[in-house]
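Report on the structure
For reference, the chains in residue letters:
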Amino acid sequence: MRSVAIGEKEAGQRLDKFLGKYLNLAGKNFLYKMMRKKNITLNGRKCDGSERLEAGDEIRLFLADETIEKFSQVKVQKVDKKTLDIVYEDDHILLVNKPAGMLSQKARDTDVSLVEYLIDYLLDSGQITREGLQTFRPSVCNRLDRNTSGLVAAGKSLAGLQGLSAVLQDRSLHKYYLCGVWGRVQEQKRIEGILIKDERTNQVTILSEQAARGKGKGKKGEDGQAGSRICTEYEPIDYRDGYTLLKVTLITGKTHQIRAHLASVGYPIVGDYKYGDFRVNEEARKKYKVTSQMLHSFRMTFPEMSEPLAHLSEKSFEAPLPGEFKRMFGEVILGI
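Below, the structure is looked at part by part. (Residues numbered from 1 in each chain as written. Predicted model: local features only at pLDDT ≥ 70, side-chain atom pairs only at ≥ 80, totals over all residues. Heavy atoms only, no water.)

**Topic: the environment of Phe302**
- Relative to the helices and strands, Phe302 resides in the loop between strand S13 (295-301) and strand S14 (316-318).
- Classification of Phe302 as buried rests on a relative accessible area of 2%.
- Distance in space between the C-alpha atoms of Phe302 and Lys175 is 9.1 Å, their sequence separation being 127 residues.
- When neighbours within four sequence positions are excluded, Phe302 is seen to be in contact with Ile93, Leu95, Leu164, Leu173, Leu312, Ser313, Glu314, Lys315 and Phe317. (Helix = DSSP H or I, 4+ residues; strand = E, 2+ residues; numbered from the N terminus. Buried < 20%, exposed > 50% of the residue type's maximum accessible area, 1.4 Å probe, protein only. Contact = heavy atoms within 4.5 Å.)

**Description of the packing of aromatic side chains**
- One pass over the full model with this rule turns up eight aromatic pairs.
- Summarising the aromatic geometry, the rings of Phe30 and Phe71 are spaced 4.9 Å apart at their centres and angled 50° between planes, so their arrangement reads as tilted. You can see Phe30 sitting in helix H2 (residues 28-36) and its partner Phe71 sitting in helix H3 (residues 65-71), a full 41 residues away along the chain.
- Judged by relative accessible area, Phe71 falls into the buried class, the value being 15%.
- Their ring planes at 90° and their centres at 5.9 Å tell us that Phe302 and Phe317 sit as a pair that is edge-to-face. Taken together, the positions of Phe302 in the loop between S13 and S14 and Phe317 in strand S14 put the pair 15 residues apart, joining distant regions of the chain.
- A relative accessible area of 11% places Phe317 in the buried class.
- Among the aromatic side chains, those forming a connected cluster through ring pairs are Tyr88, Phe302 and Phe317. (Phe/Tyr/Trp six-rings, centres within 6.5 Å; stacked < 30°, edge-to-face > 60°.)

**Comments concerning the sheet that holds strand S2 (residues 40-42)**
- Spatial strand order, S1-S3-S2: three strands in an open sheet with antiparallel pairing. Edge positions in the open sheet fall to strand S1 (2-5) and S2, since each of these has one partner strand only. With strand direction ignored, the average angle separating the axes of adjacent strands in the sheet is 20°.
- Pairing geometry for S1 and strand S3 (residues 58-61), over four bridges, is antiparallel. Paired with Ala5 across the bridge in S3 is Glu58.
- The strands touched by helix H1 (residues 15-22) are S1, S2 and S3; relative to S3, the strand with the most contacts, the crossing angle is about 50°. (Pairing = 2+ DSSP bridges. Axes fitted to C-alpha atoms, helices over the stretch in contact; angles between N-to-C directions.)

**Concerning a positive patch on the surface**
- Together, Lys33, Arg36, Lys37, Lys38 and Lys46 make up a region of like positive charge exposed at the surface.
- Assignment of secondary structure puts Lys38 in the loop between H2 and S2.
- Owing to a relative accessible area of 44%, Lys38 belongs among the partly exposed residues under this scheme. (Patch = residues over 30% accessible without salt bridge, like charges linked within 9 Å, V, L, I, M, F, W, Y side chains within 5 Å. Areas by Shrake-Rupley, 256 points an atom, 1.4 Å probe, with all protein chains shown as cover. Salt bridge = Lys/Arg side-chain N within 4 Å of Asp/Glu carboxyl O. Lys, Arg positive; Asp, Glu negative; His and termini not counted. Charge placed at Lys NZ, Arg CZ, Asp CG, Glu CD.)

**Considerations on the pairing of strand S7 (residues 149-155)**
- Across the seven residues of S7, seven count as buried, placing the element largely inside the fold.
- Taken together, the two bridges between strand S6 (residues 139-140) and S7 define a ladder with antiparallel strand orientation. The partner of Ser139 across the bridge, within S7, is Gly155.
- Here S7 runs beside S13; their pairing, made up of two bridges, is parallel. Note that in S13 the partner of Ser149 across the bridge is His296.

**A look at the pattern of salt bridges**
- Considering all chains together, one arrives at 18 salt bridges under this definition.
- Notably, a salt bridge pairs Arg14 with Asp16, separated by 2.7 Å at the nearest N-O pair.
- The salt bridge involving Asp145 is made with Arg259; its shortest N-O contact spans 3.0 Å. Taken together, the residues span a long stretch of sequence, with Asp145 in the loop between S6 and S7 and Arg259 in helix H7 (residues 257-264) at a distance of 114 residues.
- Each of Lys81, Asp120 and Asp124 takes part in a single network of salt bridges with overlapping partners.

**Looking at the environment of Gly132**
- Here Gly132 is to be found in the loop between helix H4 (114-124) and S6.
- Note on Gly132: relative accessible area 22%, which makes it partly exposed.
- Sequence separation between Gly132 and Gly7 is 125 residues, and the spatial gap between their C-alpha atoms is 9.7 Å.

**Some words on H1**
- Three or more residues of H1 are buried, namely Leu15, Asp16, Phe18, Leu19 and Tyr22. Angular distribution of buried residues about the axis of H1 spans 155°; they occupy a single face of the element.
- Looking at the buried residues of H1, the elements they touch are S1, H2, S2, S3 and H3. (Arc of directions from axis to C-beta.)

**So, the packing of H1 against H2**
- It is the contact of H1 with H2, at a shortest axis distance of 10 Å, that shows an interaxial angle of 120°. Judged on the interaxial angle alone, H2 and H1 are oblique. As for the relative orientation of H1 and H2, their crossing is right-handed in sense. Facing Leu15, Asp16, Leu19 and Gly20 of H1, the residues of H2 in contact are Leu31, Tyr32 and Met35.
- Considered class by class, the residues forming the contact of H1 with H2 number five nonpolar, one polar and one charged. (Parallel < 35°, antiparallel > 145°, perpendicular 65-115°, else oblique. Left-handed = near helix turned anticlockwise from the far one by under 90°. Nonpolar A, V, L, I, M, F, W, Y, C, P; charged D, E, K, R; others polar.)

The structure is reproduced here in structure tokens:
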């Protein structure tokens, strides 16, 4: 018999979901059968899997150790040690300043992303165990493109993940970006359009609503992909040597939205070789050592939060600017 105690990190999920992770190689039919036969119990009583787990609950597995080992497998990807730039951390969440060049989440099994570095950090610091990874796996809640730097929010507990996911989904957690663009932007503006994504190339096209209607792309692109209405706000902060530092607020949040939307109105992001200007990028690389697109998620502002994240209510967190921003614009005092 094995006893499993439920902690804060696992609390809040259904019993059957928990068991599906703890015995991750066992089929659902096996798990439900074991519950029906009382070979798996919750707090000493028969259970059916629909129960919502609370901290302090006890699950008993009346199974042979060999059976448990057979149906349990924890995979921890080995990574090179990397010091994370942690902007904020508590028992439930963690905010990381992701560097350009790092994936937020892996796209292929062989990839190494921020998630793997996060798990490695939590294991090394003793905040999680390999056994604990059977039932809860910390993860990031928002994604940035590989070559976009800045704040990424991660959940260290189920309650943290759920709380972050809720405010990201309803867009009440406000995210602000800084970017360096080519050209002189002189006024604050809100721009709108239709974004169409080509899944084959992972590239998007921006059309005005009028152009989209004229080409019959208001709802579908040429390849059948649905078009999405997008809205982006930007405000000029500084201008130097042909480049403008913009503060950008996403009203909607779609793939490559900031990069493609600004390029479509004549203000390509410096260092962006997919949507930007090659000549501008090469000049910036030589003059300012710009090696990645100058797009940085610099601030997150939380809304009113419920427990256990109530302490984050209306707080803001900022990630320091990468070196290329400082080389191009100096020590800009944002005051925003």
